[in-house]
Amino acid sequence: MASQHFLSSIICLLLLITLNSFPSEAFADKPSTKLYIVYLGERRHEDADLVTASHHDLLSSLLGSKEEAMSSIVYSYRHGFSGFAAMLTESLADQIAELPEVISVEPSRSVPIHTTRSWDFLGLNYNQHQPKGLLRQSNLGDGVIIGVVDTGIWPESKSFDDHGYGPVPSRWKGICQTGELFSIHSCNRKIIGARWYAGGIDPSLLAGEYRSPRDSHGHGTHTASTAAGSLVSNASFHGLGSGIARGGAPRARLAIYKACWVDVGCLDATVLKAIDDAIHDGVDILSLSLGGQLNPYYASIHAVAKGIPVVFAGGNDGPVPQTIANDLPWVITVAASSIDRSFPTVLTFGDDQALGQSMFYGSKHDGSIELIDGGSCSVESINYTNVAGKVVLCDDSEPPARAVAADGYLQDVAKRLNEAKAAGVIVARPPLGLLSTCQVLCVNVDKGRRAKILAYATSSSSPVVKVSPASNIVGSKVMAPRVAAFSSRGSSVLFPELIKPDITAPGVSILAAVRDSYEFMSGTSMACPHVSGVAALLKAVHPHWSPAAIKSAIVTTARTTNANGFPIEADGGVRKLADPFDFGGGHIDPDRASDPGLIYDVDPKDYFKYFHCSDDALGSCDLVDHHLYHLNLPSISIPDLKTSVTVCRTVTNVGDTNSTYKAVVQSPPGVKVTVEPSLLQFNCTKTAHTFTVKFTSVEMVQGGFTFGSLTWVDGGKHSVRIPLAVRVIIQDEFSDTS
């Protein structure tokens, strides 16, 4: 017993000595890490493996071992630019930021993911035997590769059938990355490549997701089929919107980059890696239906420098001003607008009728249903104890400033009504341009109709309503396009010397592929692939045009009036005439864009020059005047006009060799605009002209932006228009909060 006691004492003593010999840090919490993006700018090696090796060397110099550096790095950006995403502590990130070769170190954030008729509405009418205009010239986009960065794809959809396609372009260098329910055979001659990115994401957030390029959300499938879906006859959403579903460039090939996840959104790190891979793989167009600003925002410039037009959604935070996202000069930023299709729904109240809008397609409510007044359309105000089997009339009297938030509130109300066994809801609301497919029957009516419906509901002893299924109305009887209320608006907060968005395109109630069927979706996410599809067609017709030339052609040929000759309007709390901060150059016109006459081209080196001046981290500034309005963009924004400002622009003739253009100016109110020279003559030796535009304030008033335009006309088919936005100021620092 004594020996056992002695042995136990020795063991305890050894344990105490051992424990006390460890430093206290061993028992402290290990510093937490998170995903950071380290941006190094241009590559210093042509060999991508050497670029990656340089990333390992940089990090191992701080961590002490190459193995630890390699395990920390999640993504190496090595094709279009140099940088990496790595799991770092905050202190290590700070140390890296101090290194002379490092431009920026930022945490990786998450940004949200923000058609049977729409292409016909844009004038790209498809005739199976004889396509016309841009479709014919481009051979339906055959040979062009569109890279789609989104939530993945549903490869079995008929929209991605490759019947009749030729071999995959020989220049393609991408891969078909396999994974859950996605094999090598999921790619074909239509979907020629696919990748997915889950590095740096907490695995618990991917529950219910396919860990592969397969799309569990539907968003990516919808956008991909909108841009380049094959022809599918008799597509509809339960009979609504019936017709031929197709993409804008139906013969273009698709490269899919799944960088977005349902419960995560789109991490900066994954999106940047997708862009980097797309540059390597050989895409011709990049389409990103993402909201928010990528960080670092200038990374996408490297794709443009490689000759790849980059198309971004402008965001769904409208109609609030200064909410535009992805407002960078080298990308095409897209607003959303309606098309000439509506879904009127007849509501019968006793002997009277009202016309609403809905996606109601069934016969579930053929008979008359009891109608009750629910008051305000909010989750809190409706009495859910007495709604079973009834239709609730409610008033969206004070909708949120953001139209999408208003729709979200309606979805919440519909969910609660469904749980309470209600038959449906009739919503009186301002023109928001949103039709919802709710969990119960949802019908939108004009706010002015509510008083009449309410008078019936309160005066009748047993008020009832009969809801007829929605019908399809297409054509000139529908006032379109209108900029959607949800579409984010300018001016740009980040760069007020830019007009953003650049263009508007169909983005309201767009029918496209989701899994094995077709569904309606709305958003600038839907507008973005419309522009991507048009860019693909233009690339097919003009393979040597730069991204800036394609953007110029789209912006300068856009329409500012509808088919009836009326100015395009913008929806919101109050409907108004659209201005450049609503729709940029206007509504996209693909056929006109194929022959713009003149283009405003930009050498990608100029983007780098200006952004070296606008961001100290990028390096030294070599420009005396680095205002962005001096970039040769197809728009001019002067946010700080005191007396006068003169800018230069250069146009290149891509139309008739011998031609003469005359300047037509619509000056913004309170501003005099002078163009010199006002006449441009082109011939076989003179293919480009530089001119000046002088802005002079005529009213010294501290005000907001006013708008105008400069149009070069040749007296024939070409009318090359750029929007102007000018704000006269007296004081540099002024806040107009009245």
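Source: prediction; values computed, not measured. (Residues numbered from 1 in each chain as written. Predicted model: local features only at pLDDT ≥ 70, side-chain atom pairs only at ≥ 80, totals over all residues. Heavy atoms only, no water.)

Engineer: What exactly am I supposed to notice about the overall build of the protein here?
Structural biologist: The number of helices and strands found in the protein is 16 helices and 39 strands. Put simply, the protein has 738 residues, and 56% of those count as buried. Accessible area for the protein stands at about 30400 Å²; split by element, carbon and sulfur atoms hold 51% of it. (Helix = DSSP H or I, 4+ residues; strand = E, 2+ residues; numbered from the N terminus. Buried < 20%, exposed > 50% of the residue type's maximum accessible area, 1.4 Å probe, protein only. Areas by Shrake-Rupley, 256 points an atom, 1.4 Å probe, with all protein chains shown as cover.)

Engineer: So what exactly am I meant to see when it comes to the side chain of Ser-487 here?
Structural biologist: Locating Ser-487 in the fold gives a position in the loop between β25 (482-483) and β26 (503-506). For Ser-487, the side chain forms a polar contact with the main-chain nitrogen of Ala-336, separated by 3.0 Å. (Polar contact = N/O pair within 3.5 Å; in protein donor to acceptor, adjacent residues only side chain to side chain.)

Engineer: What am I meant to see in the state of the cysteines here?
Structural biologist: A disulfide bridge is the covalent bond that connects two cysteines by way of their sulfur atoms. If you walk through the whole model with that rule in mind, you get 2 disulfides. With a sulfur-sulfur separation of 2.1 Å, Cys-176 is cross-linked through a disulfide to Cys-187. One quick way to see it: the torsion about the S-S bond of Cys-176 and Cys-187 is about 90°, and its sign makes the bridge right-handed. Placement of Cys-176 in the loop between β6 (145-150) and β7 (191-196) and of Cys-187 in the loop between β6 and β7 is noted, with a sequence separation of 11 residues between them. Under the relative-accessibility criterion, Cys-176 is labelled buried at 15%. Put simply, Cys-260 and Cys-266 are joined by a disulfide, and their sulfur atoms are 2.1 Å apart. Here Cys-260 and Cys-266 share a disulfide; its torsion about the S-S bond, 110°, makes the bridge right-handed. Across this residue pair, the class does not change: Cys-260 and Cys-266 are buried. (Disulfide = S-S within 2.5 Å.)

Engineer: Mind showing me how you'd approach the pairing of strand β20 (residues 391-395) here?
Structural biologist: A regular strand places its side chains so that they alternate between the two faces of the sheet. Of all 5 residues in β20, 5 are buried; the element is thus mostly enclosed. Burial along β20 is two-sided: the face carrying Val-391, Leu-393 and Asp-395 and the face carrying Val-392 and Cys-394 are both buried. Taken together, the 5 bridges between strand β19 (residues 369-376) and β20 define a ladder with parallel strand orientation. Pairing of Ile-372 across the sheet is with Val-392, part of β20. In this structure, β20 lies alongside strand β21 (residues 424-429), joined through 5 bridges in parallel fashion. Looking at β21, one finds that Asp-395 is bridged to Ala-428. (Pairing = 2+ DSSP bridges.)

Engineer: Hey, could you run me through helix α7 (residues 219-228) in this one?
Structural biologist: Structural remark: α-helix, 3.6 residues per turn; residues separated by three or four positions point the same way. Of all 10 residues in α7, 10 are buried, a share of seventy percent or more. When we look at burial in α7, the residues that qualify are His-219, Gly-220, Thr-221, His-222, Thr-223, Ala-224, Ser-225, Thr-226, Ala-227 and Ala-228.

Engineer: Just checking my understanding: could you explain the nonpolar core for this structure?
Structural biologist: Within soluble globular proteins, side chains that are nonpolar tend to cluster in buried spots. Of all hydrophobic cores here, the largest spans 59 residues; its most connected members are Tyr-257, Val-271, Val-283, Leu-286, Leu-288, Trp-330 and Tyr-607. A total of 7 residues in this core trace back to one element, the largest contributor, which is helix α8 (residues 268-281). Residues within four places of Trp-330 in sequence aside, it is in contact with Tyr-297, Tyr-298, Ser-300, Ile-301, Val-304, Tyr-607 and Phe-611. By size, the runner-up hydrophobic cluster in this structure holds 51 residues, among which are Cys-187, Val-334, Ile-550 and Ile-588. (Core = buried A, V, L, I, M, F, W, Y, C linked by side-chain atoms within 4.5 Å. Contact = heavy atoms within 4.5 Å.)

Engineer: Sorry if this is basic, but what is going on with the pairing of strand β17 (residues 344-349) here?
Structural biologist: Bridge count for β17 against strand β18 (residues 352-358) is 6 bridges, and the pairing is antiparallel. Pairing of Leu-347 across the sheet is with Ala-354, part of β18. Taking the residues that link successive antiparallel strands as the turn, the β17-β18 hairpin has 2 residues, and the phi of Gly-350 there is positive, at about 60°. Relative to strand β23 (residues 464-467), β17 is paired through 2 bridges, and the arrangement is antiparallel. Its bridge partner being in β23, Leu-347 is matched across the sheet by Val-467.

Engineer: Explanation requested: the pattern of salt bridges in the structure shown.
Structural biologist: Note on pairing: side chains with opposite charge can pair once their charged atoms come close. Inspection of every chain in the model, using the stated rule, returns 24 salt bridges. A salt bridge links Arg-489 to Asp-582; the shortest N-O distance between them is 2.8 Å. Residue Arg-489 is located in the loop between β25 and β26, and its partner Asp-582 is located in helix α14 (residues 580-583); the two are separated by 93 residues in the primary sequence. Both residues of the pair, Arg-489 and Asp-582, belong to the buried class. (Salt bridge = Lys/Arg side-chain N within 4 Å of Asp/Glu carboxyl O.)

Engineer: It is not clear to me how the sheet that holds strand β1 (residues 34-41) should be interpreted in this structure. Could you clarify?
Structural biologist: The sheet built from 4 strands is open, its strands ordered β2-β3-β1-β4 with antiparallel pairing. The two strands at the open ends of the sheet, each matched to only one other strand, are β2 (73-77) and β4 (104-107). Across the sheet, the axes of successive neighbouring strands diverge by a mean angle of 15°, strand direction being ignored. Bridging between β2 and strand β3 (residues 82-88) involves 4 bridges; their strand directions are antiparallel. Bridging from a neighbouring strand, Ile-73 pairs with Ala-86 of β3. The strands touched by helix α4 (residues 90-97) within the sheet are β1, β3 and β4, with β3 carrying the most contacts at an inclination of about 155°. (Axes fitted to C-alpha atoms, helices over the stretch in contact; angles between N-to-C directions.)

Engineer: Looking at this model, I keep getting lost on the sheet that holds β17. Mind explaining?
Structural biologist: Two strands in a sheet stick together by hydrogen bonds in their backbones, pointing the same way (parallel) or opposite ways (antiparallel). If you trace the 7 strands once around the closed barrel, you get β17-β18-β22-β21-β20-β19-β23, paired in mixed fashion. Across the sheet, the mean angle from the axis of one strand to that of its neighbour is 40°, orientation sign disregarded. In the packing of helix α11 (residues 447-459) onto the sheet, contacts are made with β17, β18, β19, β20, β21, β22 (441-446) and β23, and the angle to β22 comes to roughly 110°.

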